[in-house]
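Below, each chain spelled out in residue letters.
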Amino acid sequence: MFSPIKRFANTPVMRPLKDAEQPRPTPTPGASPSPRPDSFEPSKPSPTPSPSPGKAPPGYGTGTPAAPPAPLTPPSTDPSNPTPPMEVRPSKSDRYNDRPAGADIDTIVLHHTADGSDRNSLTTLTGDTDGQGIFKKGEQWLKDKKNGKVSAHYMIGKDGTIYQLVGDEKRAWHAGDGSLRGDGKDVNDRSIGIEIVNEGDGKDGYTDEQYKALEQLVPYLAKRYDVPAGNVVGHKETNPQKKDPSENFDFDRIVRATEKKVG
Ligand SMILES: [Zn+2]
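What counts, and where the lines are drawn
- Residues numbered from 1 in each chain as written.
- Predicted model: local features only at pLDDT ≥ 70, side-chain atom pairs only at ≥ 80, totals over all residues.
- Heavy atoms only, no water.
- Helix = DSSP H or I, 4+ residues; strand = E, 2+ residues; numbered from the N terminus.
- Buried < 20%, exposed > 50% of the residue type's maximum accessible area, 1.4 Å probe, protein only.
- Contact = heavy atoms within 4.5 Å.
- Donors = N, O, S within 2.8 Å, 3.2 Å for Na, K, Ca; no water.
- Pairing = 2+ DSSP bridges.
- pLDDT = per-residue confidence, 0-100.
- Salt bridge = Lys/Arg side-chain N within 4 Å of Asp/Glu carboxyl O.
- Axes fitted to C-alpha atoms, helices over the stretch in contact; angles between N-to-C directions.
- Left-handed = near helix turned anticlockwise from the far one by under 90°.
- Nonpolar A, V, L, I, M, F, W, Y, C, P; charged D, E, K, R; others polar.

1. A look at the environment of Lys143
In this structure, Lys143 sits in helix 3 (residues 133-147). Judged by relative accessible area, which is 30%, Lys143 ranks as partly exposed. As a C-alpha pair, Lys143 and Thr124 span 19 residues in sequence and 8.2 Å in three-dimensional space. Every residue in contact with Lys143, bar those within four places of it in the chain, is listed here: Thr124 and Gly148.

Written as structure tokens, this is what we have:
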């Protein structure tokens, strides 16, 4: 039995990327930074050093150097609030930028990916089409062109695996327009976005493993960043144009678990 709880007992697993040698984009010299970064500009490479310098995960037997992992939340030193040891996929994605100076994380936004496949969802959220052929590359290019590049801090696979795609301290591109209870503040500036792999048609069931992973991750993040349970919301609550997560998602289950931890 593949239990996410069991996996939480393990130390973080760094999953290497297949084409890890791809360079990160370099910022254009002389380009003036946007005053409020809400465009889909590639961000500057993180000044944060790799959590394990000199010990980057190897490529898939190619002998090529691995890409630096995405900026990750440093492990908690508070034994009462330990870092959930999660399976971490270090993303080569450039789909994040800096949060505005002084921005406080006070909201957690849950989404469905609108695709029942972990792999397709990861591709959508990272742009990583490696090993999936030229057609997939073209398809993803068109998707990005149509919808803009999207990303999220975490993705919950069908089997309950938690993927971290963007470091908590960075601004991921998951919420777009809208605001929390109409207060006008940019949602991406202030929030952590979690995408749950699901077709989003109201028929595709959310798995017990996904709920169990969320019951660990969401309360953990809420405690860590002092997010009140009332600010754990669905995307549809910040943007009435959106419908995610779908009706058949048991949101109360996650709110109850969060309330237990943060009150
Ligand atoms: Zn959404």
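2. Structural notes on the coordination of the zinc ion
The protein atoms donating to the zinc ion are His111 (ND1), His235 (ND1) and Asp244 (OD), with metal-donor distances spanning 2.1 Å. Between consecutive donors of the zinc ion, the numbers of intervening residues give the motif H-x123-H-x8-D. Of this pair, His111 sits in strand 4 (residues 107-112) while Asp244 is found in the loop between helix 6 (235-238) and helix 7 (251-262), placing the two residues 133 residues apart along the sequence. Owing to a relative accessible area of 1%, His111 belongs among the buried residues under this scheme.

3. Description of the pairing of strand 4
Of all six residues in strand 4, six are buried, a share of seventy percent or more. Residues Thr107, Val109 and His111 line one face of strand 4 and the alternating positions Ile108, Leu110 and His112 line the opposite face, and both faces are buried. Bridge count for strand 4 against strand 8 (residues 191-196) is six bridges, and the pairing is parallel. Note that in strand 8 the partner of His111 across the bridge is Glu195. Direction of pairing for strand 4 relative to strand 9 (residues 232-234): parallel, over a ladder of three bridges. Across the sheet, the residue bridging to Val109 is Val233, located in strand 9.

4. Observations regarding the confidence of the model for the protein chain
Mean pLDDT over the protein chain: 75, with 65% of residues reaching 70 or higher. By mean pLDDT, the top-scoring element of the protein chain is strand 4 (98), and the lowest-scoring one is strand 1 (residues 13-14) (37). Across residues 1-74 the pLDDT falls below 50, and counting only partners more than four positions away or on other chains, this stretch makes 118 contacts in the model.

5. A short note on the pattern of salt bridges
A full pass over the atoms with the stated rule returns twelve salt bridges. Across the salt bridge formed by Asp183 and Arg190, the nearest N and O atoms sit 2.8 Å from each other. With a relative accessible area of 37%, Asp183 lands in the partly exposed category. Each of Asp208, Lys212, Glu215 and Arg253 takes part in salt bridges that share partners, so that together they form one network.

6. Quick look at the side chain of Thr124
Take Thr124: it is sitting in helix 2 (residues 118-126). Apart from residues lying up to four places away in sequence, Thr124 is in contact with Arg95, Gln140, Lys143 and Val150.

7. Side note on the packing of helix 5 (residues 208-225) against helix 7
Put simply, helix 5 and helix 7 touch, their axes get as near as 8 Å, and they point 35° apart. Taken as a pair, helix 5 and helix 7 cross one another with a handedness that is right-handed. Residues Asp208, Tyr211, Lys212, Leu214, Glu215, Val218, Pro219, Ala222 and Lys223 of helix 5 form the contact with helix 7, whose participating residues are Arg253, Ile254, Ala257, Thr258, Lys261 and Val262. Considering only residue class, the contact of helix 5 with helix 7 consists of eight nonpolar, one polar and six charged.

8. Digging into the sheet that holds strand 6 (residues 162-164)
Taking strand neighbours across the sheet as the criterion, the five strands line up as 6-5-8-4-9 in an open arrangement whose pairing is mixed. The open sheet has two edge strands with one neighbour each: strand 6 and strand 9. Sheet twist, expressed as the mean angle between neighbouring strand axes with direction ignored, is 25°. As judged from the three bridges shared by strand 5 (residues 154-156) and strand 6, these two strands associate in the antiparallel manner. Within strand 6, the position partnered with Tyr154 by the bridge is Gln164. On the sheet, helix 2 packs against strand 5, strand 6 and strand 8 and is oriented at approximately 165° with respect to strand 5. In this fold helix 5 packs onto strand 4, strand 5, strand 6, strand 8 and strand 9, with an angle of close to 175° to the strand it touches most, strand 8.

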